[in-house]
Amino acid sequence: MWTAEADGEPPLPDLSRVPTWIVTDGKAGDENQCIGIAECLSLPYELRRITSRPFGWTAPWGPIDPRDAPGRQGGALAGPLPEIVISSGRRAVPYLRALRQASRNRSFTAFLKDPRTGHDSADFIWVPDYDDLRGPNVFTTLTAPHQVSQARLQAARASPDPRLSVLPWPRIAVLIGGDSRHLSYRPADMKRLVGHLATIADGGSSLMLTVSRRTPEALRKALERLVADKGGFFWDGGGDNPYVGMLAIADQVVVTSDSANMVGEAASTGVPLLLFDLPKTYIRHRRMFAGLAMAGALKPFVGRLEGLQYAPIDATPEIAQAMARAFVEHGKRIAAAPNPN
């Protein structure tokens, strides 16, 4: 729970008993950001996942599925309305709008990333610095919120994953993304990546590899063969997810440029970040990477390790604090407003 005081401001109240909903369509990246904020504030949250059909294609401006109307039994928004709603994703925007209307704006609404419907779509909006949206209720930071907290990293260092702790140092966490609607791994990209990783493995580094559901099968198999040949660790999806454990004990992190979220999570470690650049990487994400490079945290991955020093970069507590203060101010406005009844 966040309790530190900002300059000249009173400490935040205890929010650990404030009913909270997280409303998304279940997309992992969006949902993880919302959970990161909720956990940072110790909010007792419920996940309310919405379906994308048949009305999802009309989002963010269209209506919600009538079966999901607030309070309707069996719907995504059934039950007493919460005091706080944290939401993300284009398809969730109409649901946030419906909750604001149903609560007569009494429920405090927070949206992570640009809702594409204007800054007044929620009481509080967070966007990364590289996005264009601005407004009196819009808060921006270099990196996104996430669940890789300092507490989780410290716990993983105190009790390291035995699958990883046996590896000789330097240990290199390798975070591999995959294809998306806007970006695909070409055979040349895969060959270049595997070749660079082989070079540092030949230099004595231990590779700790994890891949995504989006990782091309050809790349997955090549990486498995690499670890089988050079040694190291490859997570095949079995057993506990070692993601945080890998970041916790990594001496350096290699991460692919298709995932700004993974880059931001890796920056929370304070160890050198080596970015494997892919063609067609979002220009907006490149702005974030440039900011991390200016902070001394990141360099391109070209098959060698780099000596970088920087303090861990984690915007999650900062975003959570800003959202909590906006919630307090929202409560003051509600208390001062005339009773409509």
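Residues numbered from 1 in each chain as written. Predicted model: local features only at pLDDT ≥ 70, side-chain atom pairs only at ≥ 80, totals over all residues. Heavy atoms only, no water.

Student: Teacher, can you tell me more about the sheet that holds strand β1 (residues 20-24) here?
Tutor: Pairing between the strands of a sheet comes from backbone hydrogen bonds, and it takes one of two forms, parallel or antiparallel. Spatial strand order, β2-β1-β3-β4-β5-β6: 6 strands in an open sheet with parallel pairing. Both outer strands of the open sheet, β2 (45-49) and β6 (138-141), are each paired with one neighbouring strand and no more. On average, each strand axis in the sheet is tilted by 20° relative to the strand beside it, whichever way the strands run. Here 5 bridges tie strand β3 (residues 84-88) to strand β4 (residues 108-112), and the two strands are oriented parallel to one another. Looking at the pairing, Val 85 lines up with Thr 109 of β4. (Pairing = 2+ DSSP bridges. Helix = DSSP H or I, 4+ residues; strand = E, 2+ residues; numbered from the N terminus. Axes fitted to C-alpha atoms, helices over the stretch in contact; angles between N-to-C directions.)

Student: Where do I start with the sheet that holds strand β8 (residues 206-210) in this structure?
Tutor: Pairing in this open sheet of 6 strands is parallel, and the strands run β9-β8-β7-β10-β11-β12 from one edge to the other. A single partner strand is all that each edge strand has here, and the edge strands are β9 (233-235) and β12 (298-300). Sheet twist, expressed as the average angle between the axes of neighbouring strands with direction ignored, equals 20°. Of the pairings in the sheet, the one linking strand β11 (residues 273-276) to β12 comprises 3 bridges and is parallel in character. Residue pairing across strands places Leu 273 opposite Leu 298, the latter belonging to β12. Where helix α6 (residues 217-230) meets the sheet, it contacts β8 and β9, and its direction lies at approximately 150° from that of β9. (Contact = heavy atoms within 4.5 Å.)

Student: Would you explain the pairing of β11 in this entry?
Tutor: Along a regular strand, successive side chains alternate from one face of the sheet to the other. Neither face of β11 is exposed, since Leu 273 and Leu 275 on one face and Leu 274 and Phe 276 on the opposite face are all buried. Taken together, the 4 bridges between strand β10 (residues 252-256) and β11 define a ladder with parallel strand orientation. Bridging across to β11, Thr 256 finds its partner in Phe 276. A crossover connection joins β10 to the parallel β11 through helix α8 (residues 260-267); in handedness this β-α-β unit is right-handed. (Buried < 20%, exposed > 50% of the residue type's maximum accessible area, 1.4 Å probe, protein only. Right-handed = clockwise from strand over helix to strand, strands pointing away.)

Student: Got a minute to help me understand the packing of α8 against helix α9 (residues 283-294) in this structure?
Tutor: When two helices pack together, their arrangement is given by the angle between their axes and by how far apart the axes lie. Two elements in contact, α8 and α9, have axes whose closest approach is 10 Å; the angle formed by their N-to-C orientations is 15°. Viewed along their axes, α8 and α9 adopt a mutual orientation that is roughly parallel. Between α8 and α9 lies a crossing of left-handed hand. For the pair α8 and α9, the contacting residues are Ala 260, Val 263, Gly 264 and Ala 267 in the first and His 285, Met 288, Phe 289 and Leu 292 in the second. (Parallel < 35°, antiparallel > 145°, perpendicular 65-115°, else oblique. Left-handed = near helix turned anticlockwise from the far one by under 90°.)

Student: What should I look at first to understand the pattern of salt bridges in this one?
Tutor: Proximity of charged atoms lets side chains of opposite charge pair with each other. All told, the structure shown has 20 salt bridges when counted by the stated rule. With its nearest N and O atoms 2.7 Å apart, the salt bridge here joins Lys 230 to Asp 202. With a gap of 28 residues between them, Lys 230 in helix α6 and Asp 202 in helix α5 (residues 187-202) connect regions that are remote in the sequence. Arg 220 is the partner of Glu 217 in a salt bridge, and the nearest nitrogen-oxygen pair spans 3.8 Å. Here Arg 220 and Glu 217 lie together in helix α6, a separation of 3 residues that amounts to about one turn. Linked by salt bridges that have partners in common, Arg 186, Asp 189 and Arg 192 make up one network. (Salt bridge = Lys/Arg side-chain N within 4 Å of Asp/Glu carboxyl O.)

Bear in mind that shape data such as this cannot, by itself, settle questions of function.
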